[in-house]
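Chain residues, written in single-letter form:
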Amino acid sequence: MTLGLSAALLSACGGDKAETKAGDAAAATAADKLETKFVTVGTGGASGPYNIIGTAMTEQYAKAFGVNAKTQTTGASVENLNLLAQKKLEMAFVMSDALSDAVNGQNSFTTKIDSVSQIASLYPNYVQIVASSASGIKSIEDLKGKRVAVGAQGSGVEVATRALLEGFGITYKDIKVDYLGYAEAADSLKSGKLDAAFLTSGLPNSSLMELEQGFDLQIVSVPADKLAQIAQTKTFFIPMDIPAGTYGNEAAVPTAAILNALVVRSDMSNDDVYKLTKSFFENLETLKSAHQAANDISVENAQNGLVAPLHPGAKRYYDEVAK
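Residues numbered from 1 in each chain as written. Predicted model: local features only at pLDDT ≥ 70, side-chain atom pairs only at ≥ 80, totals over all residues. Heavy atoms only, no water.

(A) Up close: the environment of I129. With respect to the helices and strands, the residue I129 is situated in strand β4 (residues 116-132). Expressed as a C-alpha distance, the spacing of I129 and V148, which sit 19 residues apart in the sequence, is 9.8 Å. With residues near it in sequence (within four places) discarded, I129 still touches I140, L164, A197, F198, Q218, I219, V220 and V222. (Helix = DSSP H or I, 4+ residues; strand = E, 2+ residues; numbered from the N terminus. Contact = heavy atoms within 4.5 Å.)

(B) Broad picture of the packing of aromatic side chains. If you walk through the whole model with that rule in mind, you get nine aromatic pairs. Ring centres of Y172 and Y179 lie 6.4 Å apart, and the angle between their planes is 70°; on these two criteria the pair is classed as edge-to-face. Assessed through its relative accessible area of 34%, Y179 is described here as partly exposed. Linked through ring pairs, Y274, F280, F281, Y317 and Y318 together constitute an aromatic cluster. Just above the ring of Y274 sits the side chain of R316; from NZ or CZ to the centre is 3.7 Å. (Phe/Tyr/Trp six-rings, centres within 6.5 Å; stacked < 30°, edge-to-face > 60°. Buried < 20%, exposed > 50% of the residue type's maximum accessible area, 1.4 Å probe, protein only. Lys NZ or Arg CZ within 6 Å of the ring centre and 35° of its normal.)

(C) Examining the environment of P124 more closely. Relative to the helices and strands, P124 resides in strand β4. Once the C-alpha coordinates of P124 and S96 are considered, the two residues, 28 residues apart in sequence, prove to be 9.6 Å apart. In this structure, P124 is in contact with S201, G202, M240, A257, I258, L259, N260 and D296, ignoring residues within four places of it in sequence.

(D) Local environment of the side chain of T246. Among the structural elements, T246 can be located in the loop between β9 (238-242) and β10 (253-265). By relative accessible area, T246 is classed as buried at 18%. At a separation of 2.6 Å, a polar atom in the side chain of T246 contacts the main-chain carbonyl oxygen of P243. If sequence neighbours within four positions are ignored, T246 has contacts with L203, P204 and E212. (Polar contact = N/O pair within 3.5 Å; in protein donor to acceptor, adjacent residues only side chain to side chain.)

(E) Quick look at helix α4 (residues 96-104). A large share of α4 lies buried, amounting to eight of its nine residues. Those residues of α4 not exposed but buried are S96, D97, A98, L99, S100, D101, A102 and V103.

(F) Spatial organisation of the packing of helix α9 (residues 270-282) against helix α11 (residues 312-322). Put simply, α9 and α11 touch, their axes get as near as 7 Å, and they point 50° apart. It follows that α9 is oblique to α11 by the angle criterion. Crossing angle aside, the handedness with which α9 passes α11 is right-handed. Contact residues: N270, D271, V273, Y274, T277, K278 and F281 in α9; P312, G313, A314, R316, Y317, Y318 and E320 in α11. The class makeup of the residues in the contact of α9 with α11 is seven nonpolar, three polar and four charged. (Axes fitted to C-alpha atoms, helices over the stretch in contact; angles between N-to-C directions. Parallel < 35°, antiparallel > 145°, perpendicular 65-115°, else oblique. Left-handed = near helix turned anticlockwise from the far one by under 90°. Nonpolar A, V, L, I, M, F, W, Y, C, P; charged D, E, K, R; others polar.)

(G) The nonpolar core, seen in detail. In this structure, M91, I140, L164, F237 and F280 are the most contacted members of the largest nonpolar core, which totals 82 residues. For this core, the leading source of residues is β4, giving nine residues. Non-local contacts of M91, meaning those with residues more than four positions away in its chain, are made with V39, T40, V41, G42, M57, Y61, L84, I119, L262, V263, V264 and L276. By size, the runner-up hydrophobic cluster in this structure holds 18 residues, among which are L84, L89, A98 and F109. (Core = buried A, V, L, I, M, F, W, Y, C linked by side-chain atoms within 4.5 Å.)

Below, the structure written as structure tokens:
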């Protein structure tokens, strides 16, 4: 072997090693990067669990991937789904009732939204029907003729309220409707402008916790037997109890619950959604510290009760952790 050929071979080998190292470095960098530069997450009202959990989540995304990750406060589920369809959001928190309507093109949605995929089923939202003890409202039937906050217009709360009332044979014509979010509804109850309000969220709801101080709060129950009848057609309703002591209530209060969902635009890359899903679950303790509703989120239950198609990127993560 000539000296020149030997040098050339050594140079080639060195070049191969250099290329391998460069490739490894690129792969390592890629693991910390996303194809998208933005991760805007639709939430709900500023005081609700969606926004609190979403803020903790986007802070983690910004830190992990160096992207412009932020929450966008909205009217919640229905608005979030429409914004996703318009490509104004990358991700969103929504309630399963509104998601069901969106993928089927019914009620608030005149056409099917087929550009949304699900990442996970999350924690249950509890239907919390509240009134003052002095109002005399003890049951849903007692709401007839009363001024009632049904949730912000275009929210999953309002969708659930309408569906539950219909199950009891009550329409909006039978009550005086106010479209109010959590904080506004609590303030109006306190000032006497409302007789009752529906605040459907994870437990506890911070607005109700504040209202409980100095207000004689009455939680209206949803009997389990009646809910079972309603759930035959409104399949997103599940029976749950508001635990004793949540808002000073001595006993558990039976009510309806609806699973929340984390959704994403279907056109986001499989790799990006895999990384976002992985980061979400690997930082679950941080989300639990932000709001205790996240205590009911788990990777084991994330595929239970899916309403929209599971994004392939999320499926890749679940398949990985199942091995």
